[in-house]
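Tertiary structure, described
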Amino acid sequence: MSTMNKTTLLLLSCPMVCLGISCSSPYQMTGVERTRILVDEKYDQYTDAAVEAFIAPYRQQVDSMMSPVVGHSAAYMNATRPEGTLSNLLADILVWSGQFYDEQPDFAVYNMRGIRSALGKGEVTKGDVVDIAPFENKVCFVTLSGTHVLQLFREIASTGGEALSHGVELQITPEGQLLEAKLFGNSIQPDKHYRVATIDYVALGNDHMEAFKLSTDSNMPKAETNNVRYIIMKYLQEMASKGVAVNAAIEGRIKIVQQ
């Protein structure tokens, strides 16, 4: 066998030997957990001089855009399944925004995957809101029949929960089955029509909420000012003008029930 062939054989054999060794492990995965980590000033004590020097020319420009305060938060809020304080707040803001579009939504849905940060207690800046809603999603309003609302709630149950506005009451199993759905204490009527506030990405049936593909009478404003982050800022500013620090509570909008 030539030297080149011997070398090639050795190079091909080494990964196979290493792979065989690495596959033998005393460890086994027992579960997977996730959480949102709020990155705030407590991490400022760990600085890197080289990184600081690199970003220094850009810091002033970015800070001038992102540092203005738009409101205040009364408590730390995050978005969690089946229900979270921040997710509740954002869904309620979508309902609140209806007044600016001649809309009176019965309820709102905000997708959990679209909420990209938590909200710290205290001053809320433009940058904080951009962190929460960084995408170019616009608020929109659609109509669903009661039959399709029930389909939507079944799809939401299957994901373990999405952000739902005040008045929605879902009971779901740990396996993601819908047991009961009410709106302000009333059962969903299959032959009734419901006006729903959401964002355009969700209204297209994304994030497993395909019932939205069956919606009618859509109102999808396209202007940049209808971007959901601007609506969140507008809400915070209005509350601040009234001296109110925003807050939200866990209300039982989605409850996991053992059968």
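Residues numbered from 1 in each chain as written. Predicted model: local features only at pLDDT ≥ 70, side-chain atom pairs only at ≥ 80, totals over all residues. Heavy atoms only, no water.

**Quick look at the confidence of the model for the protein chain**
The test is simple: The quantity known as pLDDT measures the predictor's confidence residue by residue, on a range of 0 to 100. Residue contacts are counted whenever heavy atoms from the two residues lie within 4.5 Å of one another.
Looking at the protein chain, the pLDDT average stands at 89 and 86% of residues meet or exceed 70. Note that pLDDT drops below 50 for residues 2-14; the model gives that stretch one contact with residues more than four away or on any other chain. Taken together, the stretch residues 16-21 has pLDDT below 50 and engages in zero contacts with residues farther than four places along the chain or on a different chain.

**Thoughts on the environment of Y194**
Operational definition: By the criteria applied, helices consist of DSSP H or I runs no shorter than four residues and strands consist of E runs no shorter than two, each listed in order from the N terminus. Think of it in three bands: with a 1.4 Å probe and only protein chains considered, a residue is buried below 20% of the maximum accessible area for its type, exposed above 50%, and partly exposed in between. Throughout this description, a polar contact denotes any pair of N or O atoms lying within 3.5 Å of each other; where both atoms belong to protein, one of them has to be capable of donating a hydrogen while the other can accept it, and for residues adjacent in sequence the pair is counted only when both atoms sit in side chains.
Secondary-structure assignment places Y194 in strand β9 (residues 193-199). Look at Y194 and you get buried, because its relative accessible area is 4%. Along the backbone, Y194 and D106 are 88 residues apart, and their C-alpha atoms lie at a distance of 6.1 Å. Not counting residues up to four positions away in its chain, the partners in contact with Y194 are D106, F107, V142, T143, L144, S145, G146, V149, L183, S187, I188 and Q189. A polar atom in the side chain of Y194 sits 2.9 Å from the backbone nitrogen of Q189.

**Considering the pairing of strand β2 (residues 107-110)**
The condition that has to hold: Strand pairing follows a simple DSSP-based rule, namely that at least 2 bridges must link the two strands.
Taking every second residue as pointing to the same face, both faces of β2 are buried, with F107 and V109 on one and A108 and Y110 on the other. For β2 and β9, the ladder comprises two bridges, and the chain directions are parallel. Across the sheet, residue F107 finds its bridge partner in β9, namely V196. Looking at chain direction, β2 and strand β5 (residues 163-164) are connected through two bridges and run antiparallel. The residue bridging V109 from the neighbouring strand is L164, located in β5.

**Quick look at the nonpolar core**
Soluble globular proteins tend to bury their nonpolar side chains together. Convention followed: Residue types Ala, Val, Leu, Ile, Met, Phe, Trp, Tyr and Cys, when buried and joined through side-chain atoms within 4.5 Å, form a set referred to as a nonpolar core.
Core analysis: the biggest nonpolar cluster contains 60 residues, and F107, L152 and F153 have the highest contact counts within it. Filtering out sequence-adjacent residues up to four positions away, F107 remains in contact with V95, V149, L152, F153, S165, V168, L183, Y194, R195, V196 and A197.

**Structural notes on helix α3 (residues 85-97)**
Note the following rule: Helices are assigned an expected span. That span is 1.5 Å times one less than the residue count.
Compared with the 18 Å implied by 1.5 Å per residue over 13 residues, the 19 Å span of α3 between its first and last C-alpha is a close match. Within α3, eleven of the 13 residues are buried, leaving the element largely enclosed by the surrounding structure. Among the residues of α3, T85, L86, S87, N88, L89, L90, A91, I93, L94, W96 and S97 are the ones counted as buried. Contact partners of the buried residues in α3: β2, α4 (126-132), β4 (139-145), β5, β9 and α7 (228-241).

**A word on the side chain of R195**
As for its position among the elements, R195 is in strand β9. Assessed through its relative accessible area of 15%, R195 is described here as buried. Separated by 2.9 Å, the side chains of R195 and E103 make a polar contact. Residues contacting R195, with those up to four places away along its chain left out, are E103, Q104, P105, D106, F107, F141, V142, T143, T216, D217 and N219.

**Some details on the sheet that holds strand β7 (residues 178-183)**
Put simply, the test is: For helices, the axis comes from a line fit to the C-alpha atoms of the stretch in contact; other axes are also lines fit to C-alpha atoms, and the angle between any two N-to-C directions lies between 0 and 180 degrees.
Reading across from one edge, β8-β7-β6-β11 is the order of the four strands in this open sheet, with mixed pairing throughout. With partners counted over all chains shown, the strands left at the sheet margins are β8 (186-187) and β11 (254-256), one partner each. Summarising the sheet, strand β6 (residues 168-172) and β11 pair through three bridges and their orientation is parallel. Within the sheet, the bridge partner assigned to I172 lies in β11 and is I256. Packing of helix α5 (residues 146-159) onto the sheet brings it into contact with β6, β7 and β11, and relative to β7 it is tilted by some 125°.

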